[in-house]
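Spelled out, the chains give:
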Amino acid sequence: MVEHQRIDFRDQISRNKIKSFFLIVVIFIVFLILGYVISMASSPDSFFIIMILSIIISILYVWISYYNSAKIAIASVGAKEASRTNHREYYNLVEGLTIASGLPMPKLYIMPSNNINAFASGRDPNHAVVCVTEGALNKLDKKELEGVLAHELGHIASYDMRYMTLVAVMVGMIAIISEIFLRSLWFKSGDGDNKGHAIFIIIGIVLAILAPIAVWLVQMSISRKREYTADASAVKFTRYPQGLIGALKKIRKENQPEKKASKATAHMFFTNPFRNLSSSHPPLEKRIEVLEKM
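Residues numbered from 1 in each chain as written. Predicted model: local features only at pLDDT ≥ 70, side-chain atom pairs only at ≥ 80, totals over all residues. Heavy atoms only, no water.

J.: Before we go on, may I ask you to explain the packing of helix H4 (residues 88–101) against helix H6 (residues 142–157) in this structure?
T.: Geometrically, a packed helix pair is captured by the angle between its two axes and the distance between the axes. Running from amino to carboxyl end, H4 crosses H6 at an angle of 50°, the nearest separation of the two axes being 10 Å. Put simply, H4 runs oblique to H6. Crossing geometry of H4 relative to H6 is assigned as right-handed. For the pair H4 and H6, contact is made by Glu89, Tyr90, Leu93, Val94, Leu97 and Thr98 and by Lys142, Leu145, Glu146, Leu149, Ala150 and Leu153, respectively. Tallied by class, residues from the contact of H4 with H6 come to eight nonpolar, one polar and three charged. (Axes fitted to C-alpha atoms, helices over the stretch in contact; angles between N-to-C directions. Helix = DSSP H or I, 4+ residues; strand = E, 2+ residues; numbered from the N terminus. Parallel < 35°, antiparallel > 145°, perpendicular 65-115°, else oblique. Left-handed = near helix turned anticlockwise from the far one by under 90°. Contact = heavy atoms within 4.5 Å. Nonpolar A, V, L, I, M, F, W, Y, C, P; charged D, E, K, R; others polar.)

Rendered as structure tokens:
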């Protein structure tokens, strides 16, 4: 019988962080190429105006979301703060995991849903929140719930909110630059210096249409890598991959689309709350397969 090659959780964490960094470099290269082509297709003045506007709008939007991420996430799903008296096991498990991981204790919330799911949010470990569904508390045994909570603390330990905010700023700038450039073409005259830059205008139009789609796909790929990293971190904290595997198998069997979730917050959940929108999360089967090798 062929024995499956074992995966060390430390190697898994390291590889996925390297891959995430590489994908950010890809987004930055797309940004530079798009900026160069637009600068050649436009006058220097209009190019700098486009760049400045896109940077200001993108940073302001994401900055506000970043500093209020926990409040926005909790309010969007109608979650309530957990009671230490009524949810003793929930508190005890998280407290034990914070000791194992060296993280500060996050605020704990419960989301009214019969599905099994959870998410973590907050700009850093000192401002973090963890939220689980009622279904997770009711349907998972102690080890399975511990695995899910360890996964969420893995996101916090890896500063995933900060990391994905950086990605969102870059993706947002590319989308805004593309939109402004395409709209600016309506106001260009048909003669003048632009005739000599026709090829760059055509390339610029193609890139302005395709670049936002391409970097969105890269952003989703980064999100998937961070999920694998959080799974590996959960094994690091618990030293028991079977708990997380059991939770994933129950989710695969029972979960239905989550009505309370939105596309804006879907990437934060333990598993994707939508059946038909799986880009931000790896397939459950693949996550289980990787965990079984640890």
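Read on for the rest.
J.: Please explain a nonpolar patch on the surface as it appears in this structure.
T.: A contiguous nonpolar patch, built from Ile202, Val206, Ile209, Leu210, Ile213, Trp216 and Leu217 and spanning about 660 Å² of accessible area, is present on the exposed surface. Relative to the assigned elements, Leu210 resides in helix H8 (residues 198–238). (Patch = residues over 30% accessible without salt bridge, like charges linked within 9 Å, V, L, I, M, F, W, Y side chains within 5 Å. Areas by Shrake-Rupley, 256 points an atom, 1.4 Å probe, with all protein chains shown as cover. Salt bridge = Lys/Arg side-chain N within 4 Å of Asp/Glu carboxyl O.)

J.: Please clarify how the pairing of strand S4 (residues 129–133) should be interpreted in this entry.
T.: If a strand is regular, its side chains alternate between the two faces of the sheet. Summarising burial for S4: five of the five residues are buried, a large majority. Burial of the side chains of S4 extends over both faces: Val129, Cys131 and Thr133 are buried on one face and Val130 and Val132 on the other. Here strand S2 (residues 107–111) pairs with S4 via five bridges, running parallel. Paired with Lys107 across the strands is Val129, a residue of S4. Across four bridges, the pairing between strand S3 (residues 118–121) and S4 is antiparallel. When the bridges of S4 are listed, Ser121 appears paired with Val129. (Buried < 20%, exposed > 50% of the residue type's maximum accessible area, 1.4 Å probe, protein only. Pairing = 2+ DSSP bridges.)

J.: What is the right way to look at the pattern of salt bridges in this model?
T.: Should the charged atoms of two oppositely charged side chains come close, the side chains can pair. The full count for this structure, using the stated rule, is ten salt bridges. Residue Arg287 is joined to Asp231 by a salt bridge in which the shortest nitrogen-to-oxygen separation is 2.9 Å. With a gap of 56 residues between them, Arg287 in helix H10 (residues 284–292) and Asp231 in helix H8 connect regions that are remote in the sequence. Neither residue differs from the other here; Arg287 and Asp231 are each classed as buried. Between Glu292 and Lys249 there is a salt bridge; the shortest N-O distance is 3.7 Å. Taken together, the positions of Glu292 in helix H10 and Lys249 in helix H9 (residues 241–254) put the pair 43 residues apart, joining distant regions of the chain. Assessed through its relative accessible area of 36%, Lys249 is described here as partly exposed. Salt bridges linked by common partners bring Lys286, Glu289 and Lys293 together as one network.

J.: I would appreciate a short explanation of unusual backbone geometry in the present structure.
T.: Phi angles above zero are rare outside glycine, and Tyr159 is one such case at about 55°. Mapped onto the fold, Tyr159 is located in the loop between H6 and helix H7 (160–184). Residue Tyr159 is classed as partly exposed on the basis of its relative accessible area of 36%. Residue Arg239 is not a glycine yet carries a positive backbone phi of 60°. Along the chain, Arg239 turns up in the loop between H8 and H9.

J.: Hey, could you run me through the nonpolar core in this one?
T.: Generally speaking, soluble globular proteins have nonpolar side chains that are buried together. One finds Tyr90, Val130 and Leu149 to be the most contacted residues of the largest nonpolar core, which totals 41 residues. Looking at this core, the elements with two or more residues in it are H4, S2, S3, S4, H6, H8, H9 and H10. Setting aside its immediate chain neighbours within four residues, Leu149 contacts Tyr90, Leu93, Val94, Leu97, Val130 and Val132. If you look at the next biggest cluster of nonpolar residues, it comprises 24 residues, including Phe31, Ile174, Ile177 and Phe181. (Core = buried A, V, L, I, M, F, W, Y, C linked by side-chain atoms within 4.5 Å.)

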